[in-house]
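Examining the three-dimensional arrangement
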Amino acid sequence: MTDPAGGSEVGPVVLRMLQRLAEAGVGPARAESRQIVAHVLDVSLGDLSLAELTGRLRVSAEQMHTIETLTERRARRIPLQHVLGRAPFRALDLSIGEGVFVPRPETELLVERALELLSERRAAEQTSDSDRDDAAAVDQALTDGTRRDVAPRRLRVFEAGTGSAAISLAIATELPHTHVRTVELETAAEAWARRNIVAYTDALAAADSTVELVAGDAIADLAVASSSLLPAHPRSRAQAAAQMTPGRPVAESAGTFDLIVSNPPYVPTGDIPLEPEARADPDTALYSGADGLDFIRELVAPAFAALRAGGSILLEHTEQQGSDVRMLLETAGFEAAQTHRDLTGRDRFTEARHPSRH
């Protein structure tokens, strides 16, 4: 219903958009129509629900035009995140668009496990440091009458293939005193990542964390990091090999990282997704050889060399790849490989640990 003076009621607008999306074959048509309307009106979904009941919120002609335009884009099966230009990920609200992989809710579980592993590592180090330094601290306090609280060691994380920087930003903003080195090869995706990192400058500062974005090939960068060599940031593995000149100073020497994490390309090249939305993601973020494991296969050896003793690796994959990923990790020298399931009960990611001693 439209009031010439006050605009359209929210409820009928949502219903019209729902019908258009349903006609286009969009599965969650009601949920997505409400997200589009809420986005344009700049209200929460809760406030939108209240407006649907009370009729107090009106939709102007200009807002109606925007809602219809966005709904038509979504009806063409453009991903909702691209339509809205935003994607939620844990506590983050990320900028998303063409040329970058859309972060999925299941990857939030990968981040949750990463935070657990890093927190456990920090707690173990602090306990060890406390036991070792307790007598010295007491002596120092008796000498100068003070007790100094020492900040925890800055944990170091490497993410291979960052996309929108969702994983890196979630880790760095949620776990204080963390440095994440994150690498992206594709120019378009790297631009989205940089935009998101800049947007969370204040949150990173509040956590005393940093995210270092490198434009280049993640495996080449990690291979260099695990050597005693420092080329300029390589954009390809061939460049990395060509630039490995003996005698250059070390930037990230072997055994630098506490955690290596990746949501890599893992779709077999023959398994083209049926959903148009999934096909909107960049091919380089999806496909990785006949069995989908080429990227992981090349990653595990330099990852093993670059991890600190007792550090961990976390890799997302399809539900069919868990056993193969565990075998690749164990062959590379990792221990305690185990696969975790997502909320639907499907195998989703695998973790493994570097031996406690090199």
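Residues numbered from 1 in each chain as written. Predicted model: local features only at pLDDT ≥ 70, side-chain atom pairs only at ≥ 80, totals over all residues. Heavy atoms only, no water.

Focus: the sheet that holds strand S6 (residues 155-160)
- Ordered by their spatial adjacency, seven strands build an open sheet running S8-S7-S6-S9-S10-S12-S11, and the pairing between neighbours is mixed. Strands with a single pairing partner mark the edges of an open sheet, and in this sheet they are strand S8 (210-215) and strand S11 (335-341). The average angle at which neighbouring strand axes cross in this sheet is 15 degrees, direction not considered.
- Summarising the sheet, strand S7 (residues 178-184) and S8 pair through six bridges and their orientation is parallel. Paired with Arg181 across the two strands is Glu212, which belongs to S8.
- The strands touched by helix H7 (residues 166-174) within the sheet are S6, S7, S8 and strand S9 (257-262), with S7 carrying the most contacts at an inclination of about 175 degrees. (Pairing = 2+ DSSP bridges. Helix = DSSP H or I, 4+ residues; strand = E, 2+ residues; numbered from the N terminus. Axes fitted to C-alpha atoms, helices over the stretch in contact; angles between N-to-C directions. Contact = heavy atoms within 4.5 Å.)

A few points about the confidence of the model for the protein chain
- For the protein chain, per-residue confidence averages 87 on the pLDDT scale, and 83% of positions sit at 70 or higher.
- Per-element averaging of pLDDT across the protein chain places helix H11 (residues 237-242) at the bottom with 41 and H7 at the top with 98.
- Confidence drops under a pLDDT of 50 for residues 228-254, and excluding neighbours within four residues, the segment shows 60 contacts in the predicted structure. (pLDDT = per-residue confidence, 0-100.)

So, the side chain of Asp342
- Secondary-structure assignment places Asp342 in the loop between S11 and strand S12 (347-353).
- Classification of Asp342 as buried rests on a relative accessible area of 10%.
- For Asp342, the residues in contact, after removing those within four places along its chain, are Glu106, Leu109 and Arg348. (Buried < 20%, exposed > 50% of the residue type's maximum accessible area, 1.4 Å probe, protein only.)

A few points about the packing of helix H1 (residues 10-23) against helix H3 (residues 45-54)
- Put simply, H1 and H3 touch, their axes get as near as 7 Å, and they point 110 degrees apart. By the angle between their directions, the pair H1 and H3 is classed as roughly perpendicular. Packed against H1, whose contacting residues are Val10, Gly11 and Val14, the element H3 presents Leu48, Ala51 and Glu52 at the interface. (Parallel < 35°, antiparallel > 145°, perpendicular 65-115°, else oblique.)

Considering the side chain of Asp281
- With respect to the element layout, Asp281 can be found in the loop between helix H12 (276-279) and helix H13 (283-286).
- At a separation of 3.0 Å, a polar atom in the side chain of Asp281 contacts the main-chain amide nitrogen of Val102.
- Beyond its immediate chain neighbours, meaning those up to four positions away, Asp281 contacts Val100, Phe101, Val102, Arg104 and Leu286. (Polar contact = N/O pair within 3.5 Å; in protein donor to acceptor, adjacent residues only side chain to side chain.)

Focus on the packing of aromatic side chains
- For the structure on display, the rule yields two aromatic pairs.
- Pairing Phe304 with Phe334 gives two aromatic rings, centres 5.2 Å apart and planes at 85 degrees, and the pair type is edge-to-face. Of this pair, Phe304 sits in helix H14 (residues 294-306) while Phe334 sits in the loop between helix H15 (322-331) and S11, and the two are 30 residues apart along the sequence.
- Of the residues examined, Phe304 reaches a relative accessible area of 22% and is grouped as partly exposed.
- On the accessibility criterion, Phe334 (4% relative accessible area) is buried. (Phe/Tyr/Trp six-rings, centres within 6.5 Å; stacked < 30°, edge-to-face > 60°.)

Regarding the pairing of S12
- The buried fraction of S12 is high, at five of seven residues.
- By the bridge criterion, five bridges tie strand S10 (residues 307-316) to S12 in an arrangement that is antiparallel. Across the sheet, residue Ser312 finds its bridge partner in S12, namely Arg353.
- Direction of pairing for S11 relative to S12: antiparallel, over a ladder of five bridges. Looking across to S12, one finds that Gln338 is bridged to Glu351.

A look at the environment of Gly289
- Within the secondary structure, Gly289 is located in the loop between H13 and H14.
- Sequence-wise, Gly289 and Val267 are 22 residues apart; in three dimensions their C-alpha atoms are separated by 7.8 Å.
- The contact partners of Gly289, leaving out residues within four places of it in the chain, are Val267, Pro268, Thr269 and Asp294.

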